[in-house]
Amino acid sequence: MIPFVNLTAQYKSIQSEIDNAIKKVMSETAFISGKYASLFEKEFAQFLGIKNCIACANGTDSIEILLKAMGIGIGDEVIVPAISWISTSEAVSSVGATPIFVDIDNDYYTIDINKIEEKITPLTKAIIPVHLYGQPVDMEKLMDIANKHNLKVLEDCAQAHGAEFNAKKIGTFGDCASFSFYPGKNLGAYGDAGAMVSNSEDIIKTARMIANHGQEGKHNHIIEGRNSRMDGLHAAVLSVKLKHLNTWTNQRIANANNYNSKFENSNLLSPKVINNGKHVFHLYVIRHKNRDQIMSVLKDNNIESAIHYPTALPFLECYNNYEYKFSDFPIAYQFQQEILSLPMFPELDDTSINKITSLIKDII
Ligand SMILES: *Cc1c(COP(=O)(O)O)cnc(C)c1O
């Protein structure tokens, strides 16, 4: 059996480091925020080359809290891509704003930058580019549009830890950025965890208050906030794993190149990387018109695969009230019928890639 991801293999490769880190947290009972969360915040900010990081409970809260910290709420519009995990648009609605979907680019699958301006209205306050599957958005072009229209930019980096555009880490281009450390992400905790990063002291100060019941100092509740803090156990695990992230990213890229070379000269679309981009391959997503057939043959051969995502955001039942038609987002609509995510994790070996690719090539 070839799994889609293999977190057991990763744990075994660093087991003593992880076990020791967990034991320390337990013996020091540093369970919530505290020493280990602060340490991870410093390390992750340093990794990105950004001033501030706030460790929080998950990568959905982080988007929502950052939107609030930038003053976005009822009556505002926020531009998001038509393809993403639902958190991106869900967080917009959660603060009372309206998600405005933009179709994706047919080659790189991230937001189509050329279609953003036609969606901007006097109510538009922000853009959330998503570095989907680990592919960086062209942040220079995106920032030009945002600056021209005086819009805030919140980068959704949940799938793209360590990805770069023009040799600069994504998450450092916009006003602020959100990360998820869901276990299956490129950098994953052992449960839910997330982070907010920014060079802006104002955004960070407000976001930190919101994530900790609106407190500035203990029992000094300046505003009503919420509880969204990172557990010490997750922070300690993340500190251990962060040291290995570059190695794991290189292994993901090598696996993607291996897949690509096997699919050369076939009629299957393998992922392309944007010019001047470093793609970190959270997912390896192929396109083919016989997607369903490929998926079922893989399944018959005990190989896991998945679809990210079966339904583009505007077509989800929860957005029926907007009454979108498939023709409103033609690229996303075609895309959702053709995509398939193949097994992708650092420890995936050549034998498995050979097996997967030869099975697929037989079908197509
Ligand atoms: C995983 C993910 C999130 C949300 O992260 P959680 O930690 O699961 O809340 C947000 N956006 C995208 C694009 C994601 O893939």
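Calculation criteria
Residues numbered from 1 in each chain as written. Predicted model: local features only at pLDDT ≥ 70, side-chain atom pairs only at ≥ 80, totals over all residues. Heavy atoms only, no water. Pairing = 2+ DSSP bridges. Helix = DSSP H or I, 4+ residues; strand = E, 2+ residues; numbered from the N terminus. Axes fitted to C-alpha atoms, helices over the stretch in contact; angles between N-to-C directions. Near = heavy atom within 4 Å. Polar contact = N/O pair within 3.5 Å; in protein donor to acceptor, adjacent residues only side chain to side chain. Areas by Shrake-Rupley, 256 points an atom, 1.4 Å probe, with all protein chains shown as cover. 1 Å grid on protein atoms, 1.4 Å probe; cavity = no way out; pocket = protein on both sides within 12 Å on 5 of 7 lines; lining within 4 Å. Points joined across faces, edges and corners; volume = space filled by probe spheres on them. Nonpolar A, V, L, I, M, F, W, Y, C, P; charged D, E, K, R; others polar. Expected span 1.5 Å × (residues − 1). Contact = heavy atoms within 4.5 Å. Salt bridge = Lys/Arg side-chain N within 4 Å of Asp/Glu carboxyl O. Buried < 20%, exposed > 50% of the residue type's maximum accessible area, 1.4 Å probe, protein only. Phe/Tyr/Trp six-rings, centres within 6.5 Å; stacked < 30°, edge-to-face > 60°.

Student: Is there a simple way to think about the sheet that holds strand β9 (residues 194-198) in this case?
Tutor: Two pairing modes exist for strands in a sheet, parallel and antiparallel, and in both the strands are linked by backbone hydrogen bonds. Strand order in the open sheet formed by seven strands is β1-β9-β8-β5-β4-β2-β3, with mixed pairing between adjacent strands. Looking along the sheet, the strands with just one partner apiece sit at the ends: β1 (52-56) and β3 (98-102). Put simply, the sheet's adjacent strands are angled 25° from each other on average, direction ignored. Alignment of strand β4 (residues 124-127) against strand β5 (residues 152-156), held across two bridges, turns out to be parallel. Note on β5: the bridge partner recorded for A126 is K152.

Student: Quick question: what am I supposed to make of the site of the ligand here?
Tutor: Inspection of the region around the ligand gives 14 residues, with G59, T60, Q159, S180 and K185 positioned closest. Here Q159 contributes a side-chain N or O atom positioned 2.8 Å from an oxygen atom of the ligand. Contact distances for the ligand include 2.7 Å between an oxygen atom and a side-chain N or O atom of S180. Considered on its own, the ligand offers 380 Å² of accessible surface; in the complex 93% of this is hidden by protein.

Student: Any chance you could explain the sheet that holds strand β10 (residues 277-278) here in plain terms?
Tutor: In spatial order, the strands read β7-β6-β10; together these three strands make up an open sheet with antiparallel pairing. The open sheet has two free edges, formed respectively by β7 (168-169) and β10, since each of these has just one partner strand. Across two bridges, the pairing between strand β6 (residues 164-165) and β7 is antiparallel. By the bridge assignment, E164 is partnered in β7 with K169.

Student: Just checking my understanding: could you explain empty space enclosed by the protein for this structure?
Tutor: Summary: where empty space remains is shown by rolling a probe the size of a single water molecule over the atoms. Here the structure, examined in full by the defined rule, presents two cavities of 30 Å³ or more. The space that makes up the largest cavity amounts to roughly 80 Å³. If you trace the largest cavity, you find 13 residues lining it, with L7, Q10, R252, F345 and P346 closest to the centre. Its volume calculated, the second largest cavity comes out at about 60 Å³. As for the second largest cavity, its lining consists of D107, Y108, Y109, L132, Y133, Q135, P271, K272, H279, L283 and V285. Looking at the lining of the second largest cavity, its residues break down into seven nonpolar, two polar and two charged.

Student: How do you make sense of helix α9 (residues 245-263) when you look at a structure like this?
Tutor: What sets the pattern is the α-helix's 3.6 residues per turn: residues three or four places apart point alike. For α9, which comprises 19 residues, the first-to-last C-alpha distance of 27 Å matches the rise-based estimate of 27 Å (1.5 Å per residue) to within 8%. Phi turns positive one or two residues past the end of α9, at N265, with a value near 60°.

Student: I'm lost on the side chain of E77 in this one. Help?
Tutor: As for its placement among the helices and strands, E77 is situated in strand β2 (residues 77-81). Of note is the side chain of E77, whose polar atom sits 2.9 Å from the side chain of T121. Ignoring sequence-local partners within four residues, the contact set of E77 consists of T98, I100, T121, L123, T124, K125 and A126.

Student: I tried to follow the pattern of salt bridges on my own but got confused; where do I start?
Tutor: Counted by the stated rule, this structure contains twelve salt bridges. D107 is paired through a salt bridge with K272; the nearest N and O atoms lie 3.6 Å apart. With D107 in the loop between β3 and β4 and K272 in the loop between α9 and β10, this residue pair connects regions lying 165 residues apart in the sequence. D112 serves as the salt-bridge partner of K115, at 3.6 Å between the closest nitrogen and oxygen. Judged by relative accessible area, K115 falls into the partly exposed class, the value being 26%. One network of salt bridges, with partners in common, ties together D61, E64 and R226.

Student: Quick question: what am I supposed to make of the packing of aromatic side chains here?
Tutor: Aromatic ring pairs are defined here through the distance separating the ring centres and the angle between the ring planes. In the structure shown here, the tally under the stated rule is 22 aromatic pairs. Seen in terms of ring centroids, F44 and F179 are 4.9 Å apart; in terms of plane orientation they differ by 90°. Their pairing is edge-to-face. With F44 in helix α3 (residues 34-48) and F179 in strand β8 (residues 176-180), the pair connects residues that are 135 residues apart, well separated along the chain. Comparing F44 with F179, the two get one shared label, buried.

Student: In this structure, what is going on with unusual backbone geometry? I would like to understand it.
Tutor: It is generally the case that most residues other than glycine have a negative phi and that most peptide bonds are trans. In this model, H308 is joined to Y309 through a cis peptide bond whose omega is 15°. With respect to the element layout, Y309 can be found in the loop between α10 (291-300) and α11 (330-338). Although it is not a glycine, Y133 sits at a positive phi angle of roughly 65°. One non-glycine residue, N302, adopts positive backbone phi at about 60°. Tracing the sequence through the fold places N302 in the loop between α10 and α11.

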